[in-house]
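This is what each chain is made of:
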Amino acid sequence: MRRHIPNTITLCNLFCGCVATLRGFEAEYEAALLWICGGALFDFFDGFAARLLGVSSPVGKELDSLADDITFGLAPAAICFSLIADGVKPEMPSFLLTVLPYTAFIMAAMSALRLAKFNLDERQTTGFLGLPTPANALFWAALAVGAKTWFATSSWAVWVVLLAVGVMSALLVSEIPMFALKFKHFRWRGNGLRYGFIAVSAVLLLCLGLTGLALIIPLYVLTSVVAKRVV
């Protein structure tokens, strides 16, 4: 029974991702954000449970990637699909009305590639190369909630979303080193960057609520790039 606990938690992540995807297609962005946050919580605890119980397995690793691609790949792509579809204007050429929303799924494909690379890349044991898929998903869900009115009314919204899809897709599969919020110890030395980032993130969340995640993720990328240059 014990060996099934981590996989059960992973399946809860996948379940959250399925519901988040549905909510994304229905343009219910607040609900999609909450389900993605739920999936992220399960994603954290499945690995924690596997290590705690000493029951890690190859099946669990593969299942984790499959769940992550739904929750953190397909779900944000569904949100982007709705944002683009709602932003497309009737005066645009008809082929754009049909084609543009589907470009959102490029991000789902890049998320799958990013997860496959992570599983095989031995360089990513203490940090990441490229943007982690949960960060990308939280960014899109929080952005859709925080800027919902602007996306629905601005004539530029669809082009901003398309540009952002391209940028985030590139970040997912990039070789940019990004730090992980994993603590080997809790002393300040060696963890100053993490503590500082957590403090700023907490302020943003307190001031802006869950929509603050839309600012935290770009901050995370910028902090990673600056920290690498300083080192």
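Conventions and cut-offs
Residues numbered from 1 in each chain as written. Predicted model: local features only at pLDDT ≥ 70, side-chain atom pairs only at ≥ 80, totals over all residues. Heavy atoms only, no water. Helix = DSSP H or I, 4+ residues; strand = E, 2+ residues; numbered from the N terminus. Expected span 1.5 Å × (residues − 1). Buried < 20%, exposed > 50% of the residue type's maximum accessible area, 1.4 Å probe, protein only. Contact = heavy atoms within 4.5 Å. Axes fitted to C-alpha atoms, helices over the stretch in contact; angles between N-to-C directions. Parallel < 35°, antiparallel > 145°, perpendicular 65-115°, else oblique. Left-handed = near helix turned anticlockwise from the far one by under 90°. Nonpolar A, V, L, I, M, F, W, Y, C, P; charged D, E, K, R; others polar. Salt bridge = Lys/Arg side-chain N within 4 Å of Asp/Glu carboxyl O. Disulfide = S-S within 2.5 Å.

Participant: Honestly, helix H6 (residues 133–146) in this entry has me stumped. Any pointers?
Facilitator: One full turn of an α-helix is made of 3.6 residues, so residues set three or four places apart face in the same direction. For H6, built from 14 residues, the straight-helix expectation of 20 Å at 1.5 Å per residue is met to within 8% by its first-to-last C-alpha distance of 20 Å. Within H6 the residues assigned to the buried category are Thr133, Ala135, Asn136, Ala137, Leu138, Phe139, Trp140, Ala141, Ala142, Ala144 and Val145.

Participant: What should I look at first to understand the side chain of Asn136 in this one?
Facilitator: Following the sequence through the fold, Asn136 ends up in helix H6. Beyond its immediate chain neighbours, meaning those up to four positions away, Asn136 contacts Phe72, Pro76, Met107, Ser111, Leu131, Met168 and Leu172.

Participant: Help me understand unusual backbone geometry in this model?
Facilitator: With the exception of glycine, the majority of residues adopt a negative phi angle, and the majority of peptide bonds are in the trans configuration. Backbone geometry places Ala27, a non-glycine residue, at a positive phi of 60°. If you trace the backbone, Ala27 turns up in the loop between helix H1 (5–25) and helix H2 (29–53).

Participant: When you look at the packing of helix H3 (residues 58–87) against helix H5 (residues 105–120) in this model, what are you seeing that I'm missing?
Facilitator: It is at 8 Å that the axes of H3 and H5 come closest, and there the two elements cross at 160°. Classified by the angle between their axes, H3 and H5 sit roughly antiparallel to one another. Seen from above, H3 lies across H5 with right-handed handedness. Contacts between H3 and H5 involve Lys61, Ser65, Asp68, Asp69, Phe72, Gly73, Leu74, Pro76, Ala77, Cys80 and Phe81 on the former and, on the latter, Phe105, Met107, Ala108, Ser111, Ala112, Leu115 and Asn119. When grouped by side-chain class, the residues that make up the contact of H3 with H5 number eleven nonpolar, four polar and three charged.

Participant: Could you clarify how one ought to interpret the pattern of salt bridges in this entry?
Facilitator: Oppositely charged side chains may form a pair once their charged atoms are brought near each other. Taken as a whole and judged by the stated rule, the model has four salt bridges. Glu30 is the partner of Lys148 in a salt bridge, and the nearest nitrogen-oxygen pair spans 4.0 Å. One end of the pair, Lys148, is in helix H7 (residues 148–153); the other, Glu30, is in helix H2, and 118 residues separate them in sequence. A relative accessible area of 36% means that Lys148 is categorised as partly exposed. With a shortest N-O distance of 3.6 Å, Lys117 and Glu175 are connected by a salt bridge. Taken together, the positions of Lys117 in helix H5 and Glu175 in the loop between helix H8 (157–172) and strand S2 (177–179) put the pair 58 residues apart, joining distant regions of the chain. Take Lys117: its relative accessible area is 28%, and that puts it in the partly exposed class. Within the structure, one salt-bridge network assembled from shared partners comprises Arg23, Glu26 and Glu28.

Participant: I'm lost on the state of the cysteines in this one. Help?
Facilitator: A disulfide bridge is the covalent bond that connects two cysteines by way of their sulfur atoms. Tallying each qualifying case throughout the model produces zero disulfides. We note that Cys12 lacks a disulfide partner, and the nearest cysteine sulfur, in Cys16, lies 6.9 Å from it.

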